[in-house]
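If you want the building blocks of each chain, they are given just below.
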Amino acid sequence: MAALAEIVAVGIAIGVIPLLIGFCPRFLFANRQRFWSQFGGGMALGFMMIFFTDLIGDSGGLGESLGLTMSPTQITLAALFVLGFGVFMMSSLKGTASPSSTAYFVAAAIGLHALGEGIVVGSNFVGQMQIEELSTVIQGLSFAMHKFLEGFTISIFFPSNPRLRNVLVAALLGGIPLLIGIPLGILAYPFILANFLFAAGAGAAVFVILKITLLIGQNKPDITTILGFLVGFLIVYVAALIHFTVLP
Ligand SMILES: [Zn+2]
């Protein structure tokens, strides 16, 4: 069994660092606010399409595969989806008017599913789950690409002059849950916990999608928005392709 420190180091390399790199384009376009919200907003939206679909799949279609059994598992999955959306929506409505607060809410919304990802990574490394998640370089790359886009999505909500504090708080909220999930996965927490977190994460993803559309709507969406959408969609599509083509 690989030492915990080793697994956490892998988590940092393929999870936290790509997330931080995802923040960087925001700083390159700091002077082009309008272009940024149009192109960056479109790109984040393109990414979120597959992100959302993926989480719904990872939560067993919110228990839809169980049929209309109304089993406790099914009810919990559906309830967590609604809660994931509702809690973020209500708190962001009540939240402070600080320009960085939306970035923090989005970072926490994205961090929620990352806790489940951590459990998958942890169990995978100790061989408790036969999910071929991160066992090869190419799968690690695919994982890192989606993490980059997660960081990118958070960063479009940074205020126009982002401060180091904004970056640090957002990195903590969006990046650390993965590292907390890893030991949980190793300790063999019931795997259904990851599915529950993915269900809540899918609800939170609806909140993020809503915030992105509101941001894009501040200006008139134009061709840059569409281009951004295609770029975001394409990157995560390629990431998903290289992820799946290596699976048996
Ligand atoms: Zn993720």
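One can find the structure itself at the top, above this paragraph.
My aim in this report is to walk through the structure given alongside it, one point at a time. (Residues numbered from 1 in each chain as written. Predicted model: local features only at pLDDT ≥ 70, side-chain atom pairs only at ≥ 80, totals over all residues.)

**Overview of the overall build of the protein chain**
The helix and strand tally for the protein chain stands at nine helices and zero strands. The helix and strand sequence of the protein chain, counted from the amino end, reads α-α-α-α-α-α-α-α-α. Relative to its full complement of 248 residues, the protein chain shows a buried share of 45%. In the protein chain, of all internal contacts separated by at least 6 residues, the share reaching a separation of at least 24 is 88%. (Helix = DSSP H or I, 4+ residues; strand = E, 2+ residues; numbered from the N terminus. Buried ≥ 20, exposed ≤ 12 C-beta atoms within 10 Å, placed from the backbone. Contact = placed C-beta atoms within 7 Å.)

**Quick word on the environment of Ser155**
Inspection of the secondary structure puts Ser155 in helix 6 (residues 137–155). As for Ser155 and Leu20, which are separated by 135 residues in sequence, their C-alpha atoms are 9.4 Å apart. Dropping the residues within four chain positions of it, Ser155 is found in contact with Gly22, Phe23 and Arg26.

**As for helix 5 (residues 101–125)**
With 25 residues, helix 5 extends 35 Å from end C-alpha to end C-alpha; this agrees with the ideal 36 Å at 1.5 Å per step. In terms of burial, helix 5 is largely enclosed, as 23 of its 25 residues are buried. (Expected span 1.5 Å × (residues − 1).)

**So, the nonpolar core**
One recurring pattern in soluble globular proteins: nonpolar side chains tend to sit buried together. If you look at the biggest cluster of nonpolar residues, it comprises 65 residues, and the most contacted ones within it are Val106, Ala107, Ala109, Ala199, Ala204 and Val208. For this core, the secondary structure elements donating two or more residues are helix 1 (4–28), helix 2 (33–58), helix 4 (72–94), helix 5, helix 6, helix 7 (164–186), helix 8 (192–217) and helix 9 (223–245). Once you skip the residues sitting within four places of it in the chain, Ala107 turns out to touch Ile154, Ala170, Leu173 and Gly174. (Core = buried A, V, L, I, M, F, W, Y, C linked by C-beta atoms within 7 Å.)

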